[in-house]
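Chain residues, written in single-letter form:
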Amino acid sequence: MAIGVLLALMGTACLIQLANVQLINGKSMAQAAAQSRTITVTLKASRGKIMDTNGSILAQSVERYTIIGNPEGAQAFTPITCTKQTGDICHQINGKPVGATGAAAVARLLAPVLDMDATELGAMLSGTGQYAVLKKDVTPAVKRKISKLNLDGIVYAELSNERIYSNGTLMGALLGGVDGEGKGVAGIEQMENKTLTGEDGYQVYQQGNNGVEIPGTMTESKDAVNGSDVTLTINHDVQWYVEKVLRESCEKYSSPWGIAVVQDTQTGDILALADSDEIEAGSDQAKMTVSRAVRETFEPGSIGKVFTMSGMIQLGLHQASDKFTVPDHITVNGQTYSDATTHGDERWTLAGILEQSSNVGMIIAGEKMSNEQRYDFIRKFGVGQDNGLGLPGESDGLLYSADQWDLRTQNTVLFGQAYTTNALQLTNAVAVIANKGVKKPQRIIKTISDAEGHSEEQKPGGEATRVIDEQVASQVMNAMESVSDHYQFVKVDGYRVAAKSGTAEVAGADGRLSSIISDYSAIIPADNPRFVVTVVLKDPQSVFGGLTAGPVTAEIGEFLMQKYEVPASSPRTDAIPVTW
């Protein structure tokens, strides 16, 4: 009877509890249970691609997975022995029993697939909690192998993306890289981060004890929107060739570094922006380094005479055919200036002064040009100003206003010293001559295409502006062609070239004027301009820009003529005399 009474009391208690669960608190308890099983899963958006002007992929995000372990589930794991009854849900290693239980058993099963040490994995799965990252950036093929291990609820994969750069060091620092969260932190990846970054989606559903979604429990979802693709104006083949030539030239001339720019004169598009540094795109070094072609500033040296000569003719002070008697040195206001070589009194025209790159001749010709006019024309050509490309880490160079010049600076600016520029600015400044006196804005982003495939052409950042009259540009172009003819060993067979060399002393590591910048900028073909090529070398043997950077420029020019199948030039018949 006592046992019967006890059982009756227990049954009554169970009925009361059942009534409480089912009738009184049933709804709230069901909601609590559902809530405990409900999770929000992020659907990762893929970062957009970066491509060259022809669609060759330079950077892209590929499907990868982060493998997650559940330590509590692993420690409670008991392998299922393989028999006819257990079929495909059992656990074995190379046809043999696992030989362990708990975290050690999970580690033994998983280690060969993840190519990790089983002991290391076992330690990771022996901690507390239900979430431990075991390995990142796992391929879909590996993820599928893990799915066949019958470790549901203990090991699972979260979708992620890995940024892949398919061309190694090509444009390494220029492309930059992304951080662990997939955010662009350097180079074009940083500049176009907002465009390249997509919008993550999500799913809300209930999961069972094995960590798998319970069918029919999804209550909310939003699709991920992938980032837009960015197409550059840079041509992969041109960039590759220019980088190759730069590295070979630095070795040939024992130069620590070199820079080169190739610009389409008709569009302002940058076809190559290269330096000799070999940095893997996406590497830690790429994330911490600004491309030398972007950051490096220098005195242009005698290339600056192009701007000065243009100003003199535009102001009506001279014509390219005007005649001068030029000694090899001159003293003005107590300051003495010399040419690079010793010579007697030479009878040169203004075009001849440019051809011979005479510092003294520029000072004599610029006598009537005020300091403000000297400053204005240097600035009109774009020196010391933002070029509108928006590349991270780019320096604008330095051009002090005329009222800050001392007695020496006011004359050295006439031949490209006492101010600094960068390779992009210098190239676009020379392109003014190629474009008949018009300064066009540069462009490095060609198109942006969204995830739906809609493509939008990107306009350059700024408007075209006239710097000098067309007939002035024609005279300067004529004189620059004589400069090119002066360097008999710097030629592109079959094509006329207009060019200017430069050599400038710059501060070295000791803080003194102990280093040399040798540069050369060329318009090719001179009779129908298509490209401007600029090459800059630091401390090369042979020193002078015409002897070092000049041949490199010609080598690049020859490649461009062949690649773009540019028609050969017509003979030159209108050369302005350089002597009298």
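Coordinates for the structure precede this section.
Keep in mind it's a predicted model, so treat the numbers as computed, not measured.

Reading the values: the criteria
- Residues numbered from 1 in each chain as written.
- Predicted model: local features only at pLDDT ≥ 70, side-chain atom pairs only at ≥ 80, totals over all residues.
- Heavy atoms only, no water.
- Helix = DSSP H or I, 4+ residues; strand = E, 2+ residues; numbered from the N terminus.
- Rg over C-alpha atoms; globule rule 2.2 N^0.38 Å.
- Buried < 20%, exposed > 50% of the residue type's maximum accessible area, 1.4 Å probe, protein only.
- Areas by Shrake-Rupley, 256 points an atom, 1.4 Å probe, with all protein chains shown as cover.
- Lys, Arg positive; Asp, Glu negative; His and termini not counted.
- Charge placed at Lys NZ, Arg CZ, Asp CG, Glu CD.
- Pairing = 2+ DSSP bridges.
- Axes fitted to C-alpha atoms, helices over the stretch in contact; angles between N-to-C directions.
- Contact = heavy atoms within 4.5 Å.
- Core = buried A, V, L, I, M, F, W, Y, C linked by side-chain atoms within 4.5 Å.
- Expected span 1.5 Å × (residues − 1).
- 1 Å grid on protein atoms, 1.4 Å probe; cavity = no way out; pocket = protein on both sides within 12 Å on 5 of 7 lines; lining within 4 Å.
- Points joined across faces, edges and corners; volume = space filled by probe spheres on them.
- Nonpolar A, V, L, I, M, F, W, Y, C, P; charged D, E, K, R; others polar.
- Phe/Tyr/Trp six-rings, centres within 6.5 Å; stacked < 30°, edge-to-face > 60°.
- Lys NZ or Arg CZ within 6 Å of the ring centre and 35° of its normal.
- Disulfide = S-S within 2.5 Å.

**Student:** What am I meant to see in the overall build of the protein here?
**Tutor:** What the protein contains, in helices and strands, is 20 helices and 25 strands. A compact globule built from 580 residues would reach a C-alpha radius of gyration of about 25 Å, whereas the protein, at 35 Å, exceeds it by more than 25%. For the protein, the proportion of its 580 residues judged to be buried stands at 49%. As displayed, the protein offers around 27300 Å² of accessible surface, 49% of which is attributable to carbon and sulfur atoms. Side-chain charges of the protein comprise 48 positive and 67 negative groups, with the mean position of each set lying 4 Å from the other.

**Student:** Looking at this model, I keep getting lost on the sheet that holds strand 11 (residues 258-264). Mind explaining?
**Tutor:** Within a sheet, each strand pairs with its neighbour through backbone hydrogen bonds, oriented either parallel or antiparallel. Taken together, the five strands give an open sheet; going across it, the order is 12-11-25-24-23, and neighbouring strands pair in antiparallel fashion. Only two strands of the sheet have a single partner each, and these edge strands are strand 12 (270-275) and strand 23 (498-506). On average, each strand axis in the sheet is tilted by 10° relative to the strand beside it, whichever way the strands run. Relative to strand 25 (residues 531-538), strand 24 (residues 515-524) runs antiparallel, the two sharing eight bridges. Considered in strand 25, the bridge of Ala522 is made with Val533. In this fold helix 10 (residues 236-252) packs onto strand 11, strand 12 and strand 25, with an angle of close to 30° to the strand it touches most, strand 12.

**Student:** I keep staring at the nonpolar core and nothing clicks. Help me out?
**Tutor:** Most often, soluble globular proteins keep nonpolar side chains buried together rather than apart. In terms of nonpolar packing, the biggest core is built from 122 residues, with Val262, Leu273, Leu391 and Ile556 touching the most fellow members. Ignoring anything within four residues of it in the chain, the contact list for Leu273 reads Leu174, Ile234, Gln239, Ala260, Val261, Ala293, Val294, Leu391, Leu424 and Ile444. Val98, Ala111, Leu121 and Val155 belong to the second largest nonpolar core, which has 25 residues in total.

**Student:** Even after reading the chapter, I still don't get helix 19 (residues 470-486), so can you show me in this structure?
**Tutor:** The α-helix winds at 3.6 residues per turn, so residues separated by three or four positions along the chain end up facing the same way. Between its terminal C-alpha atoms helix 19 stretches 24 Å, which fits the 24 Å expected from 17 residues at 1.5 Å a residue. Burial of helix 19 is extensive: twelve of the 17 residues sit out of reach of the surface. Where helix 19 is concerned, the buried positions are Val472, Ala473, Gln475, Val476, Met477, Asn478, Ala479, Met480, Glu481, Ser482, Val483 and Ser484. Of the surrounding secondary structure, the elements contacted by the buried residues of helix 19 are helix 13 (305-314), helix 14 (350-356), helix 18 (423-434), strand 23 and strand 24.

**Student:** Sorry if this is basic, but what is going on with unusual backbone geometry here?
**Tutor:** Glycine aside, negative phi is the norm for most residues, and most peptide bonds take the trans geometry. The linkage connecting Ile524 with the following residue, Pro525, adopts the cis geometry, with an omega of -10°. At Glu565, a position not held by glycine, the phi torsion is positive, near 50°. By relative accessible area, which is 69% here, Glu565 ends up exposed.

**Student:** Can you walk me through the layout of surface pockets in this structure?
**Tutor:** There is about 910 Å³ of room inside the second largest pocket. In this structure, the second largest pocket is lined by 38 residues; those nearest its centre are Ser302, Ala340, Asn359, Thr503 and Phe544. For the lining of the second largest pocket, the elements supplying multiple residues, two or more each, are strand 16 (335-338), helix 14 and strand 23. Element by element, the count of residues in the lining of the second largest pocket is highest for strand 23, at seven residues. Residue classes in the lining of the second largest pocket are distributed as 14 nonpolar, 17 polar and seven charged.

**Student:** Looking at this model, I keep getting lost on the packing of aromatic side chains. Mind explaining?
**Tutor:** Under the definition given, this model contains six aromatic pairs. Judged by centre distance (4.1 Å) and plane angle (5°), the rings of Tyr241 and Phe559 are stacked. Of this pair, Tyr241 sits in helix 10 while Phe559 sits in helix 20 (residues 549-563), and the two are 318 residues apart along the sequence. Tyr241 gets classed as buried once you look at its relative accessible area, which sits at 15%. Taking NZ or CZ as reference, Lys380 lies 4.7 Å from the ring centre of Phe377, over its face. Of note, Lys563 hangs over the ring of Tyr564, and the distance from its end group to the ring centre comes to 5.7 Å.

**Student:** Please explain helix 13 as it appears in this structure.
**Tutor:** Counting buried residues along helix 13, nine of its ten residues qualify, which places the element largely inside the surrounding structure. Contact partners of the buried residues in helix 13: helix 14, helix 15 (359-365), helix 16 (371-380), helix 18, helix 19 and strand 23. A positive backbone phi angle near 80° is found at Gly316, which sits one or two residues after helix 13.

**Student:** Honestly, the state of the cysteines in this entry has me stumped. Any pointers?
**Tutor:** Here is the idea: a disulfide is a covalent bond, and it sits between the sulfur atoms of two cysteines. Applying the stated rule across the entire model yields one disulfide. Disulfide pairing places Cys82 opposite Cys90 at an S-S distance of 1.9 Å. Judged by the sign of its S-S torsion, about 90°, the cystine formed by Cys82 and Cys90 is right-handed. Residue class for Cys90 comes out buried when judged on its relative accessible area of 12%.

**Student:** So what exactly am I meant to see when it comes to the sheet that holds strand 1 (residues 38-43) here?
**Tutor:** The strand order across the open sheet built from three strands is 1-8-9, with neighbouring strands paired in antiparallel fashion. Either end of the sheet is taken by a strand with one partner, and the two such strands are strand 1 and strand 9 (220-222). Neighbouring strand axes in the sheet, compared pairwise and without regard to direction, differ in orientation by 20° on average. Where strand 1 lies against strand 8 (residues 201-206), six bridges are found, and the strand directions are antiparallel. When the sheet's bridge partners are listed, Val41 is paired in strand 8 with Gln203.

**Student:** Please explain empty space enclosed by the protein as it appears in this structure.
**Tutor:** Leftover empty space is mapped by rolling, across the atoms, a probe with the size of a water molecule. Evaluated as defined, the whole model comprises three cavities of 30 Å³ or more. Volume-wise, the largest cavity comes out at about 90 Å³. If you list the elements that add at least two residues to the lining of the largest cavity, you get helix 7 (172-175), helix 10 and strand 12. Taken together, the residues that form the lining of the largest cavity break down as six nonpolar, four polar and three charged. What lines the second largest cavity is Val490, Lys491, Val492, Val497, Tyr520, Ala522, Ile524, Gly550, Thr553, Ala554 and Gly557. Secondary-structure elements contributing two or more residues to the lining of the second largest cavity are strand 24 and helix 20. Here the lining of the second largest cavity takes four residues from helix 20, the largest share from any one element. Considering only residue class, the lining of the second largest cavity consists of seven nonpolar, three polar and one charged.

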